[in-house]
Amino acid sequence: MNLLITDIGRLYGVNPEGCLVRCGAEMSEFPCVENAWLRIVDGKIADWGTAPVPPSSLPLPAGEVLSLRGGWLFPSFCDSHTHLVYAGSREGEFVDKIRGLSYEEIARRGGGILNSADRLHEATEDELYAEAMQRVHEVMLKGTGAIEIKSGYGLNTEDELKMLRVVRRIRETSPLVVRSTFLGAHAVGRAYQGRQADYVDMLIRETIPEVGRQGLADFIDVFCDRDFFTPEETGRLLEAGARWGLRPKIHGQELADSGGVEVAVQHDALSVDHLESMTDRDISLLQEHLASRSTKGAGWLIPTALPGTSFFLGMPFAPGRRIIDAGLPLAIASDYNPGSTPSGDMKFCVSLACIKMRLLPDEALNAATLNSAAAMGVSDEVGSIAVGRRANFFVTEPLSSLDFLPYAYTTPLVRRVFLDGLEVN
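Conventions adopted
Residues numbered from 1 in each chain as written. Predicted model: local features only at pLDDT ≥ 70, side-chain atom pairs only at ≥ 80, totals over all residues. Heavy atoms only, no water. Pairing = 2+ DSSP bridges. Helix = DSSP H or I, 4+ residues; strand = E, 2+ residues; numbered from the N terminus. Contact = heavy atoms within 4.5 Å. Core = buried A, V, L, I, M, F, W, Y, C linked by side-chain atoms within 4.5 Å. Buried < 20%, exposed > 50% of the residue type's maximum accessible area, 1.4 Å probe, protein only. Phe/Tyr/Trp six-rings, centres within 6.5 Å; stacked < 30°, edge-to-face > 60°. Lys NZ or Arg CZ within 6 Å of the ring centre and 35° of its normal. Axes fitted to C-alpha atoms, helices over the stretch in contact; angles between N-to-C directions. Parallel < 35°, antiparallel > 145°, perpendicular 65-115°, else oblique. Nonpolar A, V, L, I, M, F, W, Y, C, P; charged D, E, K, R; others polar.

Participant: Got a minute to help me understand the sheet that holds strand β12 (residues 302–305) in this structure?
Facilitator: The pairing of strands in a sheet happens through backbone hydrogen bonds and is either parallel or antiparallel. Read from one edge of the open sheet, 8 strands run β6-β7-β8-β9-β10-β11-β12-β13, paired in parallel fashion. In this open sheet, the two strands that pair with only one neighbour each are β6 (77–82) and β13 (331–332). As paired elements, strand β10 (residues 247–252) and strand β11 (residues 271–274) share 4 bridges and run parallel to each other. Among the inter-strand pairings, glycine 252 is bridged to a residue of β11, identified as histidine 274.

Participant: Teacher, can you tell me more about the environment of threonine 304 here?
Facilitator: As for its placement among the helices and strands, threonine 304 is situated in strand β12. If we skip the residues at most four places from it in the chain, threonine 304 touches Ser80, Ser271, Val272, Asp273, His274, Leu275, Ala331, Ile332, Ala333 and Ala375.

Participant: Quick question: what am I supposed to make of the environment of leucine 183 here?
Facilitator: As for its position among the elements, leucine 183 is in strand β8 (residues 177–185). Sequence separation between leucine 183 and lysine 249 is 66 residues; the distance between their C-alpha atoms is 9.3 Å. If we skip the residues at most four places from it in the chain, leucine 183 touches His83, Lys150, Ser151, Gly152, Glu160, Asp221, Val222, Phe223 and His251.

Participant: Got a minute to help me understand the nonpolar core in this structure?
Facilitator: Side chains of a nonpolar character, in soluble globular proteins, are inclined to be buried together. Within the largest apolar cluster, 101 residues are counted, with the highest numbers of intra-cluster contacts made by Val85 and Ile170. With 7 residues, helix α6 (residues 196–214) is the largest single contributor of residues to this core. When sequence neighbours within four positions are dropped, the list of residues in contact with isoleucine 170 reads Val85, Tyr129, Ala132, Met133, Val136, Ile149 and Val178. Grouped together as the second largest cluster of nonpolar side chains are 18 residues, Ile5, Leu38, Leu73 and Phe418 included.

Participant: Please explain the packing of aromatic side chains as it appears in this structure.
Facilitator: Aromatic ring pairs are defined here through the distance separating the ring centres and the angle between the ring planes. For the coordinates displayed, the defined rule picks out 14 aromatic pairs. Summarising the aromatic geometry, the rings of phenylalanine 348 and tyrosine 409 are spaced 6.5 Å apart at their centres and angled 35 degrees between planes, so their arrangement reads as tilted. You can see phenylalanine 348 sitting in helix α12 (residues 346–357) and its partner tyrosine 409 sitting in the loop between α15 (404–407) and β15 (416–419), a full 61 residues away along the chain. Assessed through its relative accessible area of 46%, tyrosine 409 is described here as partly exposed. Connected via pairs of aromatic rings, a cluster forms that spans Tyr12, Phe30, Trp72, Phe74, Phe77 and Phe394. The positively charged end of arginine 135 is found above the aromatic ring belonging to tyrosine 86, 3.5 Å away from the centroid. Lying across the ring of tyrosine 129, arginine 169 places its NZ or CZ 3.9 Å from the centre.

Participant: Any chance you could explain the packing of α6 against helix α7 (residues 231–242) here in plain terms?
Facilitator: Two numbers describe a pair of packed helices, the interaxial angle and the distance between the axes. Contact geometry of α6 with α7 gives a least axis separation of 10 Å together with a crossing angle of 5 degrees. As the angle between them shows, α6 and α7 are arranged roughly parallel. Along the contact surface, α6 presents Gln196, Val200, Asp201, Leu203, Ile204 and Ile208, while α7 presents Glu233, Arg236, Leu237, Ala240 and Gly241. By residue class, the composition of the contact of α6 with α7 is 6 nonpolar, 2 polar and 3 charged.

Participant: Looking at this structure, how should I read unusual backbone geometry?
Facilitator: In terms of backbone geometry, most residues other than glycine have negative phi values and most peptide bonds are trans. Proline 52 follows alanine 51 through a cis peptide bond whose omega is 5 degrees. Within the secondary structure, proline 52 sits in the loop between β3 (44–50) and β4 (65–67). Of note, aspartate 7 is a non-glycine position whose phi angle comes to about 55 degrees, a positive value. Structurally, aspartate 7 is set in strand β1 (residues 3–12). On the basis of relative accessible area, aspartate 7 is assigned to the partly exposed category, the value being 41%. Unusually for a residue other than glycine, asparagine 35 sits at a positive phi of about 50 degrees. Its location among the elements puts asparagine 35 in strand β2 (residues 32–41). A residue is classified by how much of its surface remains accessible, and asparagine 35, at 44% relative accessible area, is partly exposed.

What follows is the structure in structure tokens.
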């Protein structure tokens with residue numbers, strides 16, 4: 001798709017071509033160009049600048065020029081942590097939470113992840129795909145242009161592969177940038193209740209090799225937390241995944257000081273997510289990892305907060321302010337899932353990051369675009385307005401200020417959505 005967009009009141013998220021992540025104080029700037037234009041060639045950003053449009057960007061064939069009439073343009077949100085493929089819903093547990101039951105109590109009663117696993121087992125791939133695509137369309141229209149989707153509601157080899165095949169189908173049929181994560185270690189499957197060590201052995205011996213042989217996942221994730229998987233088990237699973245080219249991502253420090261950050265550092269994870277129980281030692285470990293990156297050639301390790309989860313479960317929020325003040329990168333993601341965050345609204349997550357985690361609007365928007373793209377390894381494709389990036393963006397009417405976007409936390413400000421330069425309806 002070739003398109004020239006003119007009369008852009010403000011063009012946000014403009015980053016240098018080599019900028020793949022923002023850390024610490026760098027996150028306080030969400031770069032903006034006023035009175036701008038943007039040129040798209042073959043679905044990618046070819047050029048941008050301030051008006052007037054230079055002759056080198058003209059002419060274009062009739063019908064390939066779009067005036068925003070002063071509207072504001074933002075890079076699409078990037079959602080680096082979701083469980084978008086699931087069957088049914090769990091509003092009964094929602095009522096249990098209102099009555100005072102904790103996340104752990106619901107899980108011990110057979111609810112939670114195991115409830116979703118039972119429902120997913122009964123659903124066909126076509127049914128799962130149809131349900132998931134409704135959610136995909138929902139988040140696209142709310143401004144999301146890239147998404148990571150985890151398995152983890154199968155909890156046996158056959159059903160985990162079924163989930164990952166659905167994710168692959170979404171990747172092939174949706175205009176979103178999609179990354180896939182194997183999360184067989186989300187909980188212990190019913191057939192292995194009371195035999196967690198045997199379940200871990202089964203994943204290593206049987207499931208992970210099959211995921212690798214079929215090329216169904218980009219990453220491997222483990223729920224390293226109290227009452228779930230230990231750091232030692234997590235390490236074994238990550239090593240098994242690495243043998244099949246799956247880079248680690250970690251669920252960690254959600255329910256307790258579980259050692260998740262330490263495991264993430266030890267195994268060069270791409271991200272460590274949740275962090276509601278993050279400690280000062282965790283922050284120090286991440287600072288040391290960041291400092292060693294240039295000398296050891298390690299990749300980014302992105303701390304990722306999931307503010308929607310804290311909101312829905314009434315839990316503490318991840319210490320986003322402390323993470324940024326420590327000079328670290330921070331991403332935010334939705335955690336869209338049926339039990340603890342039945343929402344993929346990234347604009348609302350940006351508002352929560354400001355209200356509850358004390359992020360400034362520029363910081364929260366960087367966390368939800370460039371840094372969340374980095375947390376799934378695609379910040380060279382999406383997450384900013386830069387030459388060579390995919391033309392994934394959304395448009396709002398002119399706002400009173402950038403701060404209005406998170407301030408108006410339920411107002412539907414996203415007016416138009418473009419993915420690969422094509423408008424999505």
